[in-house]
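Analysis of the macromolecular model
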Amino acid sequence: MLNKKDKKNIILIIVALILILVVFILIRGCNHSDVEENNPNNQEPPVVNPDDHPVEGDSSIPKEDNTSQTVVSQQTSQEEVPEVEELYPEIDLDITDYVVSFGEDFELPKLDEFDQNGNPLLITMSYQFRAIDSIEFIPVLDFSTDRIGTYIITYYVENIKHYISEIDIYVDVVDDSSPVILGMVPEVDEYGNVVDYTPISSGSFINHSLVFQFEDNDEIFFAEYYNAKLDNTIPGDTMEQEAMPTVVPIEDITNFTLSEEGEYHIRAYDRSGNCIEFIVTIDYTRPEVEMITYQQNSDHSILVTIAFNEAVLPVAGWELSEDQKVLTKIYYDEVDDEVMVTDLAGNELIESIWIQYEFPTDPDDQNGQNNLDNQEHQNDDDNQDTEDNGNHQDNEENVTIDVQVLQNDQVTNSRNLNRNDGAIKVYVDGQVEITYTLDDGEIVSYENGTELTEDGFYHFTITDGTNVVDLEFSISSMGITD
């Protein structure tokens, strides 16, 4: 018979079994609820018969069509990525760098005032400028080609939604025009007052003082001049093949005048480096007669030849040589004539031509030739006594020695020579005695036509026993790269 203790144990076992059963029922209820959610139609899952499993490669079994699923997936993907609208206005400008001339009529590029949808755009600009002699850009109010330098123009484009785009363009304003130098001869009245100015061109010869004006489309930065007849002739080697000129800065370009004799080279520079050179020769000295000869021709005429120390202007009835230094004329009778000669600067000289001679009937008449020779000597003597009354010039002594300086076997008038340009020689036609000094040293005898091989300052003395000619020049051998 069961005691109380056994009855109690049996009751506990029954309660435990009941609890286990309740838990199992709850778990089964949850699983069933999940299945119903995944299978809302309460369809039973198909029972797979192993005998009905498709065999790989069996074409009789229809394949599952995934194309519709892919299209749906792509459409879903496209719908999920929203299209982003372009908020900032577009600026269409191909060229952003410009180079224009100083003072040129140039317009800045214009931008479209409407966007692609026809909505208006607000366009504003700002300006920065760097002058040609500056390194810094500074803000300015506007753009102008009347200032030389570089501009940065910034465009700001604002659309109706107040979004702003910007772009920079660069404009270089350059000066490619040279300055202008005006040389003028002042004209004065009887009281010495300047009443007018006569302009002259570069390369002119003038026997007046000159006044100069300088002009430029921008501004004159620097001006200078030198006198080519006053070169720095330094004995010995120099840094250049020719003597260096003495260049003088022009301090006041508003009041620059020249009055002394010389061949002047005036240069002016603007801020952009453009340069102009004006050349003028001021000459107050009348031309000098170096030689006058009378030569009888076969037809009993007489050829008169006058050689000058500088170029002269043509004279009516006379033939002028190519270098403009020799006049020739044929006379057919006795002559008591005067010829007025003017050099390129306007200085005048009157030279007398006097021939007293009876032309022989026989061209071989030696007496006639002797009379011509005597007449020539007489004219030479008369030329030495020509009176200088303001229009005449004394002929001290007619030089009959023809001296030539040769370089590379070519006659040269330069007196600043360089041996790199060819052999240098002195040649004299006729029987003469030639000596020279080098750098004012001892007197050395010179053989006619011998090459000079030493650098320095040469002073030649040539004489035929009656006439004497002095010749000076410098020789250098240093090249321009030395």
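Residues numbered from 1 in each chain as written. Predicted model: local features only at pLDDT ≥ 70, side-chain atom pairs only at ≥ 80, totals over all residues. Heavy atoms only, no water.

**Considerations on the sheet that holds strand S27 (residues 456-463)**
Stated formally: Two strands make a pair as long as DSSP finds a minimum of two bridges between them. Strands are runs of DSSP state E lasting at least 2 residues, helices are runs of H or I lasting at least 4, and numbering of each runs from the N terminus. Interaxial angle, 0 to 180 degrees, is taken between N-to-C directions of lines fitted to C-alpha atoms, where a helix line uses only the stretch in contact.
With mixed pairing, five strands are arranged side by side in an open sheet as S23-S28-S27-S25-S26. Only two strands of the sheet have a single neighbouring strand rather than two, namely strand S23 (416-418) and strand S26 (443-445). Each strand axis lies, on average, 35 degrees off the axis of its neighbour in the sheet, ignoring direction. Examined bridge by bridge, strand S25 (residues 433-438) and S27 share six bridges and lie antiparallel to one another. Bridging from a neighbouring strand, isoleucine 434 pairs with isoleucine 462 of S27.

**Thoughts on the pairing of strand S4 (residues 149-158)**
Under the convention used in this document: Each residue's exposure class comes from its accessible area (1.4 Å probe, protein chains only) as a fraction of the maximum for that residue type: buried when under 20%, exposed when over 50%, partly exposed otherwise.
For S4, a buried count of eight out of ten residues is recorded, marking the element as mostly surrounded by other parts of the structure. Bridge count between strand S2 (residues 122-131) and S4: ten bridges; the pairing is antiparallel. Looking at the pairing, threonine 124 lines up with tyrosine 156 of S4. Adjacent in sequence and paired antiparallel, S4 and strand S5 (residues 164-174) are bridged by five residues, among which histidine 162 carries a positive phi angle near 70 degrees.

**Considering the side chain of glutamine 407**
Our working definition: Whenever two N or O atoms come within 3.5 Å, that pair is a polar contact, provided that in protein one can donate a hydrogen and the other can accept it, and provided that, for residues adjacent in sequence, both atoms are side-chain atoms. Any two residues having at least one pair of non-hydrogen atoms within 4.5 Å are treated as being in contact.
Tracing the chain through its elements places glutamine 407 in strand S21 (residues 402-407). For glutamine 407, the side chain forms a polar contact with the main-chain oxygen of asparagine 418, separated by 2.6 Å. Once you skip the residues sitting within four places of it in the chain, glutamine 407 turns out to touch Thr412, Leu417, Asn418, Arg419, Asp421, Gly422, Ala423 and Ile424.

**Quick notes on the sheet that holds strand S18 (residues 326-331)**
Two strands in a sheet stick together by hydrogen bonds in their backbones, pointing the same way (parallel) or opposite ways (antiparallel). Spatially, the four strands line up as an open sheet ordered S15-S16-S18-S17, and their pairing is antiparallel. Only two strands of the sheet have a single partner each, and these edge strands are strand S15 (289-296) and strand S17 (319-320).

**Some words on the confidence of the model for the protein**
Note the following rule: The predictor attaches a confidence to each residue, and that confidence, scored 0 to 100, is pLDDT.
The predicted model of the protein averages 78 in pLDDT, with 73% of residues at 70 or higher. Low pLDDT (under 50) marks residues 359-399, which in the prediction has 73 contacts with non-local residues, meaning those over four places away or in another chain.

**As for the pattern of salt bridges**
This is how the line gets drawn: By definition here, a salt bridge exists when the distance from a side-chain nitrogen of Lys or Arg to a carboxyl oxygen of Asp or Glu is within 4 Å.
Tallied over the entire structure, the rule returns eight salt bridges. For aspartate 218, the salt bridge identified is with arginine 271, shortest N-O distance 2.8 Å. On the criterion of sequence distance, the pair formed by aspartate 218 in the loop between strand S9 (210-215) and strand S10 (220-227) and arginine 271 in the loop between strand S13 (262-270) and strand S14 (275-282) is long-range, its members being 53 residues apart. For aspartate 218, a relative accessible area of 21% puts it in the partly exposed group. Across the salt bridge formed by arginine 271 and glutamate 219, the nearest N and O atoms sit 4.0 Å from each other. Of the two residues, arginine 271 is situated in the loop between S13 and S14 and glutamate 219 in the loop between S9 and S10; the sequence distance between them amounts to 52 residues. Overall, glutamate 219 belongs to the partly exposed group, its relative accessible area being 40%. Ionic contacts of the salt-bridge type, sharing partners, join the residues Asp133, Asp218, Glu219 and Arg271 into one network.

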